[in-house]
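As a plain string of letters, each chain reads:
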Amino acid sequence: MTDQNAKRPPVTTTDAGIPVASDEYSLSVGANGPLLLQDHYLIQKMAQFNRERVPERVVHAKGSGAFGYFEVTADVRQWTRAAFLNTVGKRTPVLVRFSTVAGELGSADTVRDPRGFAIKFYTEEGNYDLVGNNTPIFFVRDPSKFQDFIHSQKRMPDTDLRSHNAMWDFWSLSPESIHQVTFLMTDRGTPRTYRHMNGYGSHTFLWLNEAGEQFWVKYHFKTEQGIENFTDSEAKAMTAEDPDYHRRDLYEAIRKKDYPVWRLEMQIMPFAEAERYRFNPFDLTKVWPHADYPPIPIGRLVLDRNPENFFAQIEQAAFEPANMVPGIGPSPDKMLLGRLFSYPDTHRYRIGTNYLQLPVNAPLAPVHSYNKDGAMRYRHNGHQPVYAPNSYGGPQADAQRAPDPSWWVSGEIVRSAYTPHAEDNDFVQAGNLYRHVLSERDKAHLVSNIAGHMSQGVERHIQERALKLWYQVDQELGERIAQALGLVLS
Ligand code: HEM
């Protein structure tokens, strides 16, 4: 016998759980109105509807995400004491959010842009957030240029249109961006799907082992689906055909149990080598050549669960590079240090003071901080003392369990570029990328992608300034772009 009651849908209620009388009709005086203020459910529906949106992320607004796990595949205890990495085979639940950078919430997935690759590891020692991109480098190396860079990518104040002229104006006046712009203008700037691209921590981080030894490290998540990109014209066609193509692809792949996998490989530099390394190893516009520090496979990232509710679990997800667990710390990369402040600040504004209490952001590890109250707080520790030190059994910090990774600093307080290392300049790695990494087809696409991008409303004097940078990357590349643009440098 079937249980008829079990099949019935639940009764509609107000948000306070009170059963309501109708899903269709508001309460009126007679069938033809007027409406009554006592129809609390109608008023609740209208008021809640008006408040459905939170501000979109100021950057990386359009994105998609999924849950899964990270599994350790190699013993890394010689380099880090991070608990979630301490046993081969250990699995840690994760949330990953992929995104484009410059567009808004409803913008197309397939435009030319770097892609965000943000990972939240729900570890036994609290949440570890690695908030990277699909590129190992970035456009600028000082956090005070980030806002200006983003303004050059977003809509202009007068037209409210995006402006290639502004983009090339900024880039051509910021030669440190040329390596990342070269990368962006290859077909890697238009990945086929989120599944077919790599992820990078991009910055250099510090690992600390049980013995107190420290190592500089870089994270590379290599796609096991293989790298696949759209050409410029394929990406443009897909932008028109299905602006949500990457979102749909990720969701459908996981729904069909075709779970995407990335292999985590680490580059590891002994602490003492940083000072004399030929490039500044903390400069985010540079890579560490693999010949110097070969990537070592240490784990697998697997995504096997779609969100059940996009808003609650992806839109309200809050990643912050400052979330680092014992055994992992920042490096002197000025961009990373700037980001440690920026993300929790934006979350307090975008989501609210107690954003860390939302289920998607809450750690699996217990929370025993001395912070209290604020809008919408619902988790608490009862009458636990709210000040330290105290005589009543409040939590106590443990320097043994959470030692701060550190390095020595001394110097005058200045506003200055990094001290250059022997081989530091803005063009050498971009030139090597062009000469030694790209195939002939990649090179041809790079030239046509750059020329196409620079042809869309970019003023002549800015084209000429940018062209001078391309010549410095590589003479042949400069000549090919000049020819494609019909420009001759005087
Ligand atoms: C000083 C430099 C930077 C600043 C101030 C900055 C600031 C921000 C802010 C305010 C957000 C919005 C966060 C939110 O509302 O949830 C964001 C998102 C993001 N940023 Fe940055 N950013 C910087 C550099 C970088 C770099 C170098 C990377 C990659 C290596 C990066 C990757 C991301 C990613 C992936 C997201 C989206 C996170 C998500 O999916 O929620 N950012 N950034």
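Along each chain, residue indices are assigned from 1 in the same order as the chain's sequence is written. A pLDDT threshold of at least 70 governs which residues receive local features in this predicted model, and a stricter bar of 80 or more applies before side-chain atom pairs are shown or counted, although totals over entire chains, interfaces and linings include all residues. Computation of side-chain values: all heavy atoms of the structure, hydrogens and water removed.

### Observations regarding the coordination of the iron atom of the ligand
Here is step 1: Only N, O and S atoms count as donors, using a 2.8 Å limit from the metal and a wider 3.2 Å limit for Na, K and Ca, and since water is excluded some coordination spheres may look unfilled. If you check the protein contacts of the iron atom of the ligand, you find one donor only, Tyr 343 (OH), at 1.8 Å.
Here is step 2: In this text, helices come from DSSP runs of H or I with a minimum length of four residues, and strands from runs of E with a minimum of two, each type numbered from the N-terminal end. Structurally, the position occupied by Tyr 343 is in helix H9 (residues 334-350).

### Brief notes about the site of the ligand
Here is step 1: Taken together, 25 residues sit near the ligand, with Arg 57, Arg 97, Arg 339, Tyr 343 and Arg 350 positioned nearest.
Here is step 2: Identification of polar contacts relies on pairs of N or O atoms within 3.5 Å, with a donor-acceptor requirement for protein atoms, meaning one able to donate a hydrogen and the other able to accept it, and with residues adjacent in sequence counted only if both atoms are side-chain atoms. Contacts to the ligand include Arg 57, whose side-chain N or O atom sits 2.8 Å from an oxygen atom.
Here is step 3: Of all elements in the fold, only strand S3 (115-123), strand S4 (126-133) and H9 reach the threshold of two or more residues within the shell around the ligand.
Here is step 4: Charged residues are taken to be Asp, Glu, Lys and Arg, nonpolar residues to be Ala, Val, Leu, Ile, Met, Phe, Trp, Tyr, Cys and Pro, and polar residues to be all remaining types, Gly included. In the shell around the ligand, the residues fall into twelve nonpolar, nine polar and four charged. Only heavy atoms are used to decide nearness, and a residue is near a molecule or strand if one of them lies within 4 Å of it.

### Quick look at unusual backbone geometry
Excluding glycine, residues mostly carry a negative phi; peptide bonds, for their part, are mostly trans.
Here is step 1: At the junction of Gly 33 and Pro 34, the peptide bond is cis and its omega measures out at -5 degrees in the coordinates.
Here is step 2: Of note, Pro 34 is situated in the loop between helix H1 (4-7) and helix H2 (40-50).
Here is step 3: Here Ala 388 and Pro 389 are connected by a cis peptide whose omega angle stands at 0 degrees.
Here is step 4: Following the sequence through the fold, Pro 389 ends up in the loop between H9 and helix H10 (428-437).
Here is step 5: The phi torsion at Asp 160 lies on the positive side, around 60 degrees, for a residue other than glycine.
Here is step 6: Mapped onto the fold, Asp 160 is located in the loop between helix H3 (146-153) and helix H4 (164-173).
Here is step 7: The classification of residues rests on relative accessible area computed with a 1.4 Å probe and restricted to protein chains. Under 20% of the type maximum is buried, over 50% is exposed, and intermediate values are partly exposed. Asp 160 gets classed as partly exposed once you look at its relative accessible area, which sits at 46%.
Here is step 8: Even without a glycine there, the phi angle at Ser 202 is positive, about 65 degrees.

### Remarks on a nonpolar patch on the surface
Here is step 1: Judged by side-chain polarity, Leu 37, Ile 43 and Met 46 come together as a nonpolar surface patch covering roughly 320 Å² of accessible area.
Here is step 2: Within the element layout of this structure, Leu 37 appears in the loop between H1 and H2. Each patch is built from residues that are more than 30% exposed by relative accessible area and take part in no salt bridge. Like charges join if they lie within 9 Å; nonpolar side chains (Val, Leu, Ile, Met, Phe, Trp, Tyr) join within 5 Å. The method behind every accessible area is Shrake-Rupley, applied with a 1.4 Å probe, and residues are considered shielded solely by the protein chains displayed. Note on definitions: salt bridges are taken to be side-chain nitrogens of Lys or Arg within 4 Å of carboxyl oxygens of Asp or Glu.

### Focus: the pattern of salt bridges
Here is step 1: Counted by the stated rule, this structure contains 34 salt bridges.
Here is step 2: Among the salt bridges present, the one from Asp 244 reaches Lys 62, with a minimum N-O distance of 2.8 Å. Separated by 182 residues along the polypeptide, Asp 244 in the loop between helix H6 (232-241) and helix H7 (245-255) and Lys 62 in the loop between H2 and strand S1 (63-72) bring together distant segments of the chain.
Here is step 3: When salt bridges that share partners are traced, they join Arg 141, Asp 283, Lys 286, Asp 424 and Asp 426 into one network.

### As for the packing of aromatic side chains
Here is step 1: Stacked, edge-to-face and tilted labels apply to pairs of Phe, Tyr and Trp rings (six-membered ring for Trp) whose centres lie within 6.5 Å, assigned for plane angles under 30 degrees, over 60, and everything in between, in that order. Under the counting rule described, the total for this entry stands at 28 aromatic pairs.
Here is step 2: Here the aromatic rings of Tyr 277 and Tyr 293 are separated by 5.5 Å at their centres, their planes lie at 65 degrees, and the arrangement is edge-to-face. Placement of the pair is Tyr 277 in the loop between strand S8 (261-270) and strand S9 (296-305) and Tyr 293 in the loop between S8 and S9, with a sequence separation of 16 residues. Summarising the burial analysis for this pair, Tyr 277 and Tyr 293 share the class buried.

### Some remarks on the pairing of S9
Side-chain direction in a regular strand flips from residue to residue, so the side chains alternate between the two faces of the sheet.
Here is step 1: Pairing analysis gives six bridges linking S1 to S9, with the strands arranged antiparallel. Across the sheet, residue Gly 68 finds its bridge partner in S9, namely Leu 303.
Here is step 2: Any two strands with at least two DSSP-identified bridges between them are counted as paired. The sheet contact formed by S8 and S9 spans six bridges and is antiparallel. Its bridge partner lying in S9, Arg 263 is registered against Arg 300.

### Quick look at the side chain of Thr 14
Here is step 1: Here Thr 14 shows up in the loop between H1 and H2.
Here is step 2: Overall, the relative accessible area of 7% leaves Thr 14 in the buried class.
Here is step 3: Residue contacts follow a heavy-atom distance rule, with two residues in contact if any of their heavy atoms lie within 4.5 Å. Once residues lying within four places of it in the same chain are set aside, the contact partners of Thr 14 are Val 20, His 40, Tyr 41 and Gln 44.

### Description of the side chain of Asp 474
Here is step 1: The residue Asp 474 is located in the loop between helix H12 (460-473) and helix H13 (475-485) in this model.
Here is step 2: Here the side chain of Asp 474 touches Arg 435 through a polar contact of 2.9 Å, side chain to side chain.

### Comments concerning H4
Here is step 1: Burial runs high along H4: eight of the ten residues are buried.
Here is step 2: Of all the residues in H4, the buried ones are His 164, Asn 165, Ala 166, Met 167, Trp 168, Phe 170, Trp 171 and Ser 172.
Here is step 3: Taken together, the buried residues of H4 touch H3, helix H5 (178-185), helix H11 (440-454) and H12.
Here is step 4: Between a side-chain oxygen at the N-terminus of H4 and the backbone nitrogen of Asn 165 the separation is 3.2 Å; the capping residue is Ser 163.

### Examining the environment of Lys 372
Here is step 1: By the secondary structure assignment, Lys 372 is in the loop between H9 and H10.
Here is step 2: Taking relative accessible area as the criterion, Lys 372 reaches 48% and is therefore assigned partly exposed.
Here is step 3: The spacing of Lys 372 and Ser 439 is 67 residues in sequence and 57 Å in space, taken between C-alpha atoms.
Here is step 4: With residues up to four places along the chain from it excluded, the contact list for Lys 372 reads Arg 377 and Val 386.
Here is step 5: A polar contact is formed between the side chain of Lys 372 and the side chain of Asp 373, at a distance of 2.9 Å.

### Considering the pairing of S8
Here is step 1: Counting buried residues in S8 gives eight out of ten residues, a clear majority hidden from the surface.
Here is step 2: Summarising the sheet, strand S7 (residues 214-223) and S8 pair through nine bridges and their orientation is antiparallel. Its bridge partner being in S8, Lys 218 is matched across the sheet by Gln 267.

### Re the packing of H5 against H12
Here is step 1: To obtain an axis, a line is fitted to C-alpha atoms, over the contacting stretch when the element is a helix, and the angle between two such axes runs from 0 to 180 degrees between their N-to-C directions. In contact at an axis separation of 11 Å, H5 and H12 are set at 90 degrees when each is read in the N-to-C sense. On the basis of the axis angle, H5 is roughly perpendicular to H12. From H5, Ile 178, Val 181 and Thr 182 reach across to H12, where they touch Leu 469, Trp 470 and Val 473.
Here is step 2: Among the residues forming the contact of H5 with H12, the class breakdown is five nonpolar, one polar and no charged. Roughly parallel means an angle under 35 degrees; roughly antiparallel means over 145; roughly perpendicular covers 65 to 115; every other angle is labelled oblique.

### With respect to the packing of H4 against H12
Here is step 1: Between H4 and H12, the shortest axis-to-axis distance is 9 Å and the interhelical angle comes to 45 degrees. Here H12 runs oblique to H4, going by the angle between their axes. By crossing handedness, the relation of H4 to H12 is classed as left-handed. The residues of H12 that touch H4, namely those facing Asn 165, Trp 168, Asp 169, Trp 171, Ser 172 and Leu 173, are Ile 462, Arg 465, Ala 466, Leu 469 and Trp 470.
Here is step 2: Residues of the contact of H4 with H12, tallied by class, amount to seven nonpolar, two polar and two charged. A crossing counts as left-handed when the near helix is turned anticlockwise from the far one by less than a right angle, and as right-handed when that turn is clockwise.

Everything listed here is a matter of coordinates, which is why it stays silent on function.
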